[in-house]
Amino acid sequence: MATTRRQFTGEFKLEAVRLVTEGERPLVQVARELGIRPDMLRTWKRQAAGRAGFVATDVFPGNGHQTSQADELRRLQRENETLRQERDFLKKAAAYFAKESR
């Protein structure tokens, strides 16, 4: 029998992390109350650490979506690599034509 994988919204994950960090109850108890595994809650807590003030979709993009910052970084890295290749090609072409003209 195939089981379907549960999916949680970013808001749910942030609220669960908030319950652990701001509450007085231990992580295991909060996980039990929410019906999730403690290791899953620990992972969410680790992902949210250092990202205070972000929107839930930036902390937990889900479904393979990149965060807006990661998406922009990837685009800039691709552009940077393209520009490096163009520069290197032009250097080689200039050296080739300079050598030919002597």
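Before reading on, note that the structure itself is shown above.
Residues numbered from 1 in each chain as written. Predicted model: local features only at pLDDT ≥ 70, side-chain atom pairs only at ≥ 80, totals over all residues. Heavy atoms only, no water.

Visitor: Even after reading the chapter, I still don't get the overall build of the protein, so can you show me in this structure?
Guide: A count of helical and extended segments in the protein gives five helices and zero strands. When the helices and strands of the protein are listed from N to C terminus, the series reads α-α-α-α-α. Expressed as a percentage of contacts within the protein between residues at least 6 apart in sequence, the contacts between residues at least 24 apart total 40%. Split by element, the accessible area of the protein, about 8,500 Å² in all, is 52% carbon and sulfur. (Helix = DSSP H or I, 4+ residues; strand = E, 2+ residues; numbered from the N terminus. Contact = heavy atoms within 4.5 Å. Areas by Shrake-Rupley, 256 points an atom, 1.4 Å probe, with all protein chains shown as cover.)

Visitor: Explanation requested: the packing of aromatic side chains in the structure shown.
Guide: Under the criterion given, the structure shown has four aromatic pairs. Where F8 meets W44, the ring centres are 5.4 Å apart and the plane angle is 70°; that geometry is what we call edge-to-face. Here F8 is found in the segment before helix 1 (10–22), whereas its partner W44 is found in helix 3 (residues 38–48), with 36 residues between them in sequence. Classification of F8 as partly exposed rests on a relative accessible area of 23%. A relative accessible area of 5% places W44 in the buried class. Between Y96 and F97, the aromatic rings sit 5.4 Å apart at their centres with planes inclined by 70°, giving edge-to-face as the arrangement. Put simply, the rings of F8, F12 and W44 touch in pairs and so form one group of aromatic residues. (Phe/Tyr/Trp six-rings, centres within 6.5 Å; stacked < 30°, edge-to-face > 60°. Buried < 20%, exposed > 50% of the residue type's maximum accessible area, 1.4 Å probe, protein only.)

Visitor: Just checking my understanding: could you explain the nonpolar core for this structure?
Guide: Grouped burial of nonpolar side chains is what soluble globular proteins tend to show. A16, V17, V20, L27, V30, A31, I36, M40, L41, W44 and A48 form the largest nonpolar core, which has 11 residues in total. Secondary structure elements with two or more residues in this core: helix 1, helix 2 (27–34) and helix 3. A per-element tally of this core places helix 3 first, with four residues. Discounting chain neighbours no more than four positions away, the residues touching A31 are I36, R37, P38 and L41. (Core = buried A, V, L, I, M, F, W, Y, C linked by side-chain atoms within 4.5 Å.)

Visitor: Can you walk me through helix 1 in this structure?
Guide: In an α-helix, one turn spans 3.6 residues; hence positions three or four apart end up facing the same way. The terminal C-alpha atoms of helix 1, which comprises 13 residues, lie 18 Å apart, in line with the 18 Å expected from a rise of 1.5 Å per residue. Regarding helix 1, the residues found buried are G10, K13, A16, V17 and V20. One side of helix 1 holds all its buried residues, which, seen down the axis, span an arc of 130°. In helix 1, the exposed positions that point more than 90 degrees away from the buried face belong to E11 and E22. (Expected span 1.5 Å × (residues − 1). Arc of directions from axis to C-beta.)

Visitor: Sorry if this is basic, but what is going on with the packing of helix 2 against helix 3 here?
Guide: For any two helices packed against each other, one specifies the inter-axial angle together with the distance between the axes. Where helix 2 meets helix 3, the closest approach of the two axes is 9 Å, and the angle between their N-to-C directions is 110°. It follows that helix 2 is roughly perpendicular to helix 3 by the angle criterion. At the point where helix 2 passes helix 3, the crossing takes the right-handed sense. For the pair helix 2 and helix 3, the contacting residues are L27, V28, V30 and A31 in the first and P38, L41, R42 and K45 in the second. Split into classes, the residues belonging to the contact of helix 2 with helix 3 amount to six nonpolar, no polar and two charged. (Axes fitted to C-alpha atoms, helices over the stretch in contact; angles between N-to-C directions. Parallel < 35°, antiparallel > 145°, perpendicular 65-115°, else oblique. Left-handed = near helix turned anticlockwise from the far one by under 90°. Nonpolar A, V, L, I, M, F, W, Y, C, P; charged D, E, K, R; others polar.)

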